[in-house]
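Coordinate inspection notes
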There are 2 protein chains.
Amino acid sequence: MYKDIKVDPAQLEAALDARLKIRAGFDKPTAGMAAGMTQVNMISVPRDWAYDFLLYAHRNPQSCPVLDVLEEGIYATKLAADSDIRTDFPRYRIWKDGEMVDEVTDAREIYNAHPDLVTFLIGCSFSFETALQEAGIEVRHIHDDTNVPMYLSNIKCEPAGRISGNMVVSMRPIPSHQISEAVKITARMPSVHGAPVHIGHPESLGIKDVNKPDFGDASRIEAGEIPVFWACGVTPQAAVMNSKIPFAISHAPGYMFITDIPDRAWIG
Amino acid sequence: MYKDIKVDPAQLEAALDARLKIRAGFDKPTAGMAAGMTQVNMISVPRDWAYDFLLYAHRNPQSCPVLDVLEEGIYATKLAADSDIRTDFPRYRIWKDGEMVDEVTDAREIYNAHPDLVTFLIGCSFSFETALQEAGIEVRHIHDDTNVPMYLSNIKCEPAGRISGNMVVSMRPIPSHQISEAVKITARMPSVHGAPVHIGHPESLGIKDVNKPDFGDASRIEAGEIPVFWACGVTPQAAVMNSKIPFAISHAPGYMFITDIPDRAWIG
């Protein structure tokens, strides 16, 4: 879990500003927003599925690190002041029987219609990107202002009850000479996916074309750069699809919630 | 979670021997048995309480680090070959409505009568004692062949659903000049309770007399030694009592299950 450390008031203000901007309608990927502040993924499932999901997350901590659990009817997380998870993600996906049936930017109505939902906030690899940048490692999708590329891999997660699925991974192209440093930096933050799950060979993850991600946008890979893959908090959405959970709400991949917790609070 | 590392066959044999000895009736505290192999606490609750308990453990990871979850009807853990959690703890406590109603050394009959139980195996601080000893730090209760002293502290755990309670802590007297080293060694193993929760002032944990533990035996505290307190996997039993869970089975404090996982597999 996170350390209770003093936060720079300017950073807290940047996080609050980002949430208010998102609440007012900002509808783009959030990588790079309120730099240095933790971003989170989200999945809401019916109470009847909450135990299976929590156990699934527990058994797959690298892809599904649970940072907060909001019980039925609770929409404010302890991770951010004056928050409402129904409005503070830029974009939501609505799932029925494992199929995406709608995307919305304000989810209050749909949450009100489904009062039995339990919400899990899941760590996000955007939370180690500031640390990478501070070490002089370019984060391509921030530099190019695109969404991070994400892929449904062939890595099977450990099932739990009725829930099973494969791991979703995010990819960042890293110059060869900086890969060791990127591993060291991210390994220190297991609550936001930690060290890479794979380096250098997309085919062995079942990825046929690294330029055609399953979620988000492709990233330029320049000469001398190697694709590096991290576990991704979109993994619960793959589980929703594969397990045909009767109803669920998630964020849209890359469209995250910005908390009041500094990234460095997760350094183990 | 633990790293999948190669294990010395002699250590695996020692762990198996310990389990077989326990299965055959050994009925004493297990600290020091099969040195270097991970020991675990246990709590079984009805399926209807499993979500509340898993969430409670998730919210209180220092005292309740969940190392395995066995679903209804499953009694073998992945943490040890040919294991049966109904016979491989030396001693069990049976709980009704939050009160201990019986102690047994073989729990097969009672598990068979309660097929809806879900079992949680919880990290145990015995798992860092070999590392302390290797650093030249005497572990008093092993040296004196007594049970470790444990206390119900005044530290409130974060509640979850119907479950609430205070943290149970274990105590080891450590010579002043070795405390820093003891903190460093144990901090590296958060899955088996990690760094101490308190050093030096039992009263501030609500402990009136350090020589009268709530569970286990008192430990001699010699001149120049400071009582050091770690979170303890008996904390779920305090939650059972406080929350009046209708039925539960736990191990008896100090009477643990010995796994095939070496302690060093938990070093983060």
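Residues numbered from 1 in each chain as written. Chains lettered and ligands numbered in written order. Predicted model: local features only at pLDDT ≥ 70, side-chain atom pairs only at ≥ 80, totals over all residues. Heavy atoms only, no water.

Under UniProt, the name given to chain A is Putative hydro-lyase A1S_1268, and the organism recorded is Acinetobacter baumannii. The annotation that UniProt attaches to chain A under Sequence similarities is "Belongs to the D-glutamate cyclase family." (UniProt positions renumbered as here; feature names shortened; annotations may be inferred.)

1. What about the overall build of chain A?
The helix and strand inventory of chain A stands at seven helices and 11 strands. Computed over the C-alpha atoms, the radius of gyration of chain A is 17 Å, within 12% of the 18 Å expected from 2.2 N^0.38 for a compact globule of 268 residues. Projected onto its principal axes, the C-alpha positions of chain A cover 50 × 45 × 30 Å. For chain A, with 268 residues in total, the buried portion stands at 57%. Pairs at least 24 apart in sequence give 79% of the contacts found in chain A among residues at least 6 apart. (Helix = DSSP H or I, 4+ residues; strand = E, 2+ residues; numbered from the N terminus. Rg over C-alpha atoms; globule rule 2.2 N^0.38 Å. Buried < 20%, exposed > 50% of the residue type's maximum accessible area, 1.4 Å probe, protein only. Contact = heavy atoms within 4.5 Å.)

2. A look at the pattern of salt bridges
Residue and element names in this part refer to chain A. Summed over all chains, the structure comprises 36 salt bridges over all chains. In this structure, R162 and D52 form a salt bridge, with 2.8 Å as the shortest nitrogen-oxygen distance. Of this pair, R162 sits in the loop between β6 (150-156) and β7 (166-175) while D52 is found in helix α2 (residues 47-59), placing the two residues 110 residues apart along the sequence. Residue classification places R162 among the partly exposed residues on the basis of a relative accessible area of 39%. By relative accessible area, D52 is classed as buried at 5%. (Salt bridge = Lys/Arg side-chain N within 4 Å of Asp/Glu carboxyl O.)

3. Remarks on the relation of the copies chain B and chain A
At an RMSD of 0.0 Å, chain B and chain A line up after a rotation of 180 degrees and a shift of 0.0 Å along the axis. As the rotation angle and translation indicate, the two copies are arranged about a two-fold axis. Judged by C-alpha distance, Y51 of chain B is the residue of chain B that lies nearest the rotation axis, at 2.4 Å. Here 100% of the interface residues in chain B have copies in chain A that are interface residues too; the copies meet face to matching face. (Least-squares fit on C-alpha atoms with pLDDT ≥ 70 in both.)

4. As for the pairing of strand β1 (residues 37-46) of chain B
Residues and elements named next belong to chain B. Counting buried positions along β1 yields 10 of 10 residues, so the element is predominantly enclosed. Examined bridge by bridge, β1 and strand β11 (residues 257-262) share three bridges and lie antiparallel to one another. Across the sheet, V40 pairs through a bridge with F257, a residue of β11. In this sheet, strand β5 (residues 117-123) lies alongside β1 in antiparallel orientation, the contact comprising seven bridges. Directly across from I43, in β5, lies its bridge partner F120. Across two bridges, β1 lies against strand β10 (residues 247-251) in antiparallel orientation. Bridge pairing in β10 places I43 opposite S250. (Pairing = 2+ DSSP bridges.)

5. Focus: helix α2 (residues 47-59) of chain B
If you check α2 of chain B, its first and last C-alpha atoms are 19 Å apart, about what 13 residues at 1.5 Å a residue would give, namely 18 Å. By the criterion of burial, α2 of chain B is predominantly enclosed, with 10 of the 13 residues buried. (Expected span 1.5 Å × (residues − 1).)

6. Observations concerning the sheet that holds strand β8 (residues 198-199) of chain A
Residues and elements named next belong to chain A. A sheet is described by the order of its strands in space; here four strands give the open sequence β6-β7-β9-β8, paired in antiparallel fashion. On the outer flanks of this sheet lie β6 and β8, each paired with one strand and no other. Pairing between β6 and β7: four bridges, direction antiparallel. In the strand pairing of β7, Y151 is matched with V169. Along the sheet, helix α6 (residues 179-187) makes contact with β7, β8 and β9 (225-231), crossing β9 at roughly 15 degrees. Helix-sheet contacts for helix α7 (residues 235-243) involve β6 and β7, and the interaxial angle to β7 is about 150 degrees. (Axes fitted to C-alpha atoms, helices over the stretch in contact; angles between N-to-C directions.)

7. Section: the packing of α2 of chain A against α2 of chain B
Remark: α2 of chain A packs on α2 of chain B, axes separated minimally by 10 Å, with the N-to-C direction vectors making an angle of 55 degrees. One way to sum up the angle between α2 of chain A and α2 of chain B is to call them oblique. Between α2 of chain A and α2 of chain B lies a crossing of left-handed hand. Here R47, A50, Y51, D52, L54 and L55 of chain A of α2 of chain A lie close against α2 of chain B, whose contacting residues are R47, A50, Y51, D52, L54 and L55 of chain B. Looking at the contact of α2 of chain A with α2 of chain B residue by residue, the class counts come to eight nonpolar, no polar and four charged. (Parallel < 35°, antiparallel > 145°, perpendicular 65-115°, else oblique. Left-handed = near helix turned anticlockwise from the far one by under 90°. Nonpolar A, V, L, I, M, F, W, Y, C, P; charged D, E, K, R; others polar.)

8. Side note on the state of the cysteines
According to the stated counting rule, one finds zero disulfides over all chains in the structure shown. Free of any disulfide, C124 of chain A has its nearest cysteine sulfur in C232 of chain A, 7.1 Å distant. Considering cysteine sulfurs only, C64 of chain B is the nearest to C157 of chain B, which forms no disulfide, with 5.8 Å between them. Judged by relative accessible area, C157 of chain B falls into the buried class, the value being 8%. (Disulfide = S-S within 2.5 Å.)

9. Digging into the nonpolar core
Counting 66 residues, the largest nonpolar core has Y51, F53 and F120 of chain A together with Y51, F53 and F120 of chain B as its most contacted members. Not counting residues within four places of it along the chain, the set of residues in contact with Y51 of chain B comprises R47, A50, Y51, L54, V69, V118 and F120 of chain A. By size, the runner-up hydrophobic cluster in this structure holds 34 residues, among which are Y75, I137, M189 and I261 of chain A. (Core = buried A, V, L, I, M, F, W, Y, C linked by side-chain atoms within 4.5 Å.)

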